[in-house]
Amino acid sequence: MAWARYAGRHMPAPLTLPALVGADLEVPLATGGRRRYINLDAAASTPAMRAVLEAVERALPWYSSVHRGAGFTSQVSTRLYEAARQTVAGFVGARPTDSVIFVRNTTDAVNHLAHCLRIPDGHVVLTTAVEHHANLLPWRRVAPVVTLPPPLSPEALLEAVAAALRDPAHPVAVLAVTGASNVTGEILPVAELGRLAHEHGALLAVDAAQLAPHRPIDMAASGIDCLSLSGHKMYAPFGAGVLVAPTALLEGCEPLLAGGGAVDFVTLEDVLWTGLPDRLEAGSPNVIGAVALAAAAATLQEVGMERVAEHERALLARARERLAELPGLVHHRLWEDGPGVDRVGVVTLTVPGIHHALVAAALSAEHAIGVRHGCFCAHPYITHLLGISDEQAGGIRDALRRGERATIPGAVRASFSIATTEADVDLYCDALASMVRDGPALAYLQDPATGDFAPVEDARVLPRIEPLPELTATVHGAGCGQF
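This section reports on the structure supplied with the text. Note that the structure is a prediction, hence the values are computed from the model and not measured.

Tallying secondary structure elements over the protein chain gives 15 helices and 19 strands in all. On C-alpha atoms alone, the protein chain measures out to a radius of gyration of 23 Å, which is about the 23 Å that the 2.2 N^0.38 rule sets for 483 residues. Along the three orthogonal principal directions, the C-alpha set of the protein chain runs to about 70 × 60 × 45 Å. When each of the 483 residues of the protein chain is scored for burial, the buried share is 53%. When the accessible surface of the protein chain is split by element, carbon and sulfur atoms take 55% of a total near 21000 Å². Put simply, the protein chain has 36 plus and 51 minus side-chain charges, and the middle of one group is 3 Å from the middle of the other.

What follows is the structure, encoded as structure tokens:
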């Protein structure tokens, strides 16, 4: 693997499914004692692969400035950084005419892309109401946005997109969609969407934050013009993501970030921007983050993304089987199971009569299970799933603008990683069954500022991580207790 050669030796061959750092971590329970932590929050952030950590440890002694350093370590770091770029390009099936731009995360990537693309006057960006905010908000700054309502099936999505692309009143410049929903897991028919977009002269931009860790991607074969992803979603939580897009689309744009490394020459009156990819990577880049992302990509590719997909499908089948046994539980989804419907490892639900934040708090405090609750940075989609009307959502918005407190129901999301086992799924379902039957075992208080819950009596103590100051037990909100 090219990215590892300069660190002294090749990375060892991975296991059937790569091991993750912290897979055997034990955490305290509110009632005392410790239990192995079951991390079902992979859709938010994944732990690091051990292979990634090992690659980072091998690269760190050689870490230095890149591109402009004459020293030996600078030469090594530069080659590591550029080898990482090649590795990521191969992982996503980029074309030789594409540029790979290292950024912080998917949000950063989509903001860069929206800034650089020149949307013609009178044209629109077409997207859907199931998108993460990272693929909704940046486009609103650069062009009118047409948002399709959540479709009832893959076929309905394709029909709605085709109709919108044919609308002469709103010619579409960019079709911007998620590769897989971060809320309900459905994988969108990207190749078909690419074909439709290109038939009508539009670009296809895919938010692959949830797709990249779970399924193979081939930009060239699928007709994906622009792609964004995050390392922290794919077992490389070292602060790097990528934007992959045709060089011809990006090379003439003024960069979103201006600074050192992005220029060929500067006078007091003018600047001559350099070429890609440096043009869009101003400042000292995150070399270690790029190495980590490439290590994760290379390891996943060696394991085989279809092997990862098989693992997740088995977990989802087990979860659906167990959850179907629980009376009244509402399993939220965009599409019903059927031909052509595939999902990444995400299960989102609500427990009747129990606040979503309380479910998440009790799972953590009583069972050492970590899940996500709230709106998952997808407010329009969540309000749709929970039956919140546009009028009600508008009332919430207006109340917040007046400085008033406004709350809405949310949901609970369990999301699987390559380290999740069927035993983990069973423990999660057992904990939910206990809550459905008897409610939480402990007494909880709700924080009026965040909407989160904490046990009235809590024996847990946060660990001290040297040399950082001692941590406090302050509870921070999950993002949608207050909408």
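We are not done yet, so read on.
A word on the sheet that holds strand β4 (residues 98-103). The strand order across the open sheet built from seven strands is β4-β10-β9-β8-β7-β5-β6, with neighbouring strands paired in mixed fashion. A single partner strand is all that each edge strand has here, and the edge strands are β4 and β6 (145-148). For this sheet, the mean inter-axis angle between neighbouring strands, taken without regard to orientation, is 15°. Judged from the four bridges that link them, strand β5 (residues 124-128) and β6 form a sheet pairing that is parallel. Within the sheet, the bridge partner assigned to L126 lies in β6 and is V146. Those strands touched by helix α7 (residues 190-199) are β7 (172-178) and β8 (203-207), and its axis lies near 150° from that of β8.

Right, let's get into the pairing of strand β11 (residues 263-266). Along any regular strand, the residues point their side chains to alternate faces of the sheet. With three bridges joining them, β11 and strand β12 (residues 271-273) adopt antiparallel strand pairing. From the neighbouring strand, V266 faces β12, where its bridge partner is V271. Where β11 folds back on β12, the antiparallel hairpin that results is connected by four residues.

Read across the open sheet, the four strands follow the order β13-β14-β17-β16; overall the sheet is antiparallel. The outermost strands of the open sheet, each flanked by one partner alone, are β13 (330-332) and β16 (372-374). Strand-to-strand twist across the sheet, computed as the mean angle between neighbouring axes with direction ignored, equals 30°. In this sheet, strand β17 (residues 411-415) lies alongside strand β14 (residues 346-350) in antiparallel orientation, the contact comprising four bridges. Bridge assignment links V346 to a residue of β17, and that residue is S415.

By volume, the second largest pocket is sized at about 610 Å³. Around the second largest pocket sit 17 residues that line it, and R140, H379, P380, T383 and A393 are the ones nearest its centre. Of all the secondary-structure elements, those providing two or more residues to the lining of the second largest pocket are α5 (137-140), α13 (379-385) and α14 (390-401). The greatest single-element share of the lining of the second largest pocket, amounting to five residues, is contributed by α14. Residue classes in the lining of the second largest pocket are distributed as eight nonpolar, six polar and three charged.

The rules behind each value
- Residues numbered from 1 in each chain as written.
- Predicted model: local features only at pLDDT ≥ 70, side-chain atom pairs only at ≥ 80, totals over all residues.
- Heavy atoms only, no water.
- Helix = DSSP H or I, 4+ residues; strand = E, 2+ residues; numbered from the N terminus.
- Rg over C-alpha atoms; globule rule 2.2 N^0.38 Å.
- Buried < 20%, exposed > 50% of the residue type's maximum accessible area, 1.4 Å probe, protein only.
- Areas by Shrake-Rupley, 256 points an atom, 1.4 Å probe, with all protein chains shown as cover.
- Lys, Arg positive; Asp, Glu negative; His and termini not counted.
- Charge placed at Lys NZ, Arg CZ, Asp CG, Glu CD.
- Pairing = 2+ DSSP bridges.
- Axes fitted to C-alpha atoms, helices over the stretch in contact; angles between N-to-C directions.
- Contact = heavy atoms within 4.5 Å.
- 1 Å grid on protein atoms, 1.4 Å probe; cavity = no way out; pocket = protein on both sides within 12 Å on 5 of 7 lines; lining within 4 Å.
- Points joined across faces, edges and corners; volume = space filled by probe spheres on them.
- Nonpolar A, V, L, I, M, F, W, Y, C, P; charged D, E, K, R; others polar.

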